[in-house]
Amino acid sequence: MPSSHPRGFRDISLELARIGERFYARNWVLGTSGNFSAVVSLDPLRLAITPSAAHKGALTGREILEIGADAQVVGSATGRPSAEALLHLEIVRRREARAVLHTHSVWGTILSDLHVNERGLMLEGYEMLKGLDGISTHEHQEWVPIIANDQDMPRLAQAVGAELAAHTGAHAFLLCGHGLYTWGATLAEAERHVEILEFLFETVGRRNQYGHRHHP
C-alpha cells in the first residue's frame, strides 16, 4: 500500500532521525529529552515532528508524526506529538522558520539557570558567532533570552511569542532549567545553529568555571 505521506515527509523524517542520532552522540538529547520539527507544507501548515517521550538516539524515522496548525496529528497515525509542539508552531510563525530544534545539554541547562535573573545571556566576541545566519563579525552581540519554564503549553507558547517579538534579532532562546530552542530556514541551518550555540554555551560555562574573563 502506498504511503499517505508525500515523499517530502519521508525524507524529512529520515533526516530528523539522523539529527537525533548525531545529537545523542554529543550528549545534547539524553534520555527522552529534546524535540525536533520541520515544515512539510505552508498551505496548509504541516510540520513533521518527533513524538512525545521518544529516545532521540534511536529514531528510525517511522515514529515521526505530521501535525497541523492546531498541533493535532494529521491522518491516522497513533503517536502523540511532542508536548512542546505549540512552541514549534509559534517559532515557525514568528520567525518564518522551516526547522526547529530543541536540545537539553548540560551547559545550556546550567547557563539557563545561572542567568535567569538577567532574563538572558549575552554572547559576544567569539568567532563562532559568524556561524549564525546573517552574522559576519565576531563583534556581534547575540542576546539569548531566557524564559521561565511552564508546563502550561499554551501559556508558555504565548511567553515565547512575546520574547521573539521583543528580540527580533535573536537566533535562539533558552527555557530555564530546560534547554535550547533554535531554528533555521532549513534543517541544515538549524543544526548548524545548535552546534554554534552549544559550543558557545560550553565555552562560556567553562570560562566562568575557571574564573577567566573573556575579552572580546
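The structure reproduced in this document is the subject of the present report. (Residues numbered from 1 in each chain as written. Predicted model: local features only at pLDDT ≥ 70, side-chain atom pairs only at ≥ 80, totals over all residues. Heavy atoms only, no water.)

### So, the environment of Ala 38
The following threshold applies: Numbering goes from the N terminus for both helices and strands, where a helix is a DSSP run of H or I of at least four residues and a strand is a run of E of at least two.
Relative to the elements of secondary structure, Ala 38 occurs in strand S1 (residues 35-42). With 26 residues separating them along the chain, Ala 38 and Ile 12 place their C-alpha atoms 7.1 Å apart.

### Details of the pairing of strand S4 (residues 99-103)
Basically, it comes down to this: Think of it in three bands: residues with accessible area under 20% of the maximum for their type are buried, residues over 50% are exposed, and the middle band is partly exposed, with areas taken using a 1.4 Å probe on protein chains only. For two strands to pair, DSSP has to find at least two bridges joining them.
Most of S4 sits out of view: 5 of its 5 residues are buried. The alternating pattern of S4 places Ala 99, Leu 101 and Thr 103 and Val 100 and His 102 on opposite faces, both of which are buried. Where S1 meets S4, 4 bridges bridge the pair, whose relative direction is antiparallel. Looking at the pairing, Ser 37 lines up with Val 100 of S4. Judged from the 5 bridges that link them, S4 and strand S8 (residues 179-184) form a sheet pairing that is antiparallel. Residue pairing for S8: His 102 is matched across the bridge by Tyr 181.

### Re the side chain of Ser 105
For the record, the criterion: Polar contact is the term for a pair of N or O atoms within 3.5 Å; when the atoms are in protein, one must be able to donate a hydrogen and the other to accept it, and sequence-neighboring residues count only if both atoms are side-chain atoms. Contacts: residue pairs with any heavy atoms within 4.5 Å of one another.
Within the secondary structure layout, Ser 105 lies in the loop between S4 and helix H3 (106-114). Side-chain polar atoms of Ser 105 contact the backbone nitrogen of Gly 108, separated by 2.9 Å. In this structure the side chain of Ser 105 is engaged in a polar contact, spanning 2.6 Å, whose partner is the side chain of Glu 198. For Ser 105, the residues in contact, after removing those within four places along its chain, are Asn 27, Trp 28 and Glu 198.

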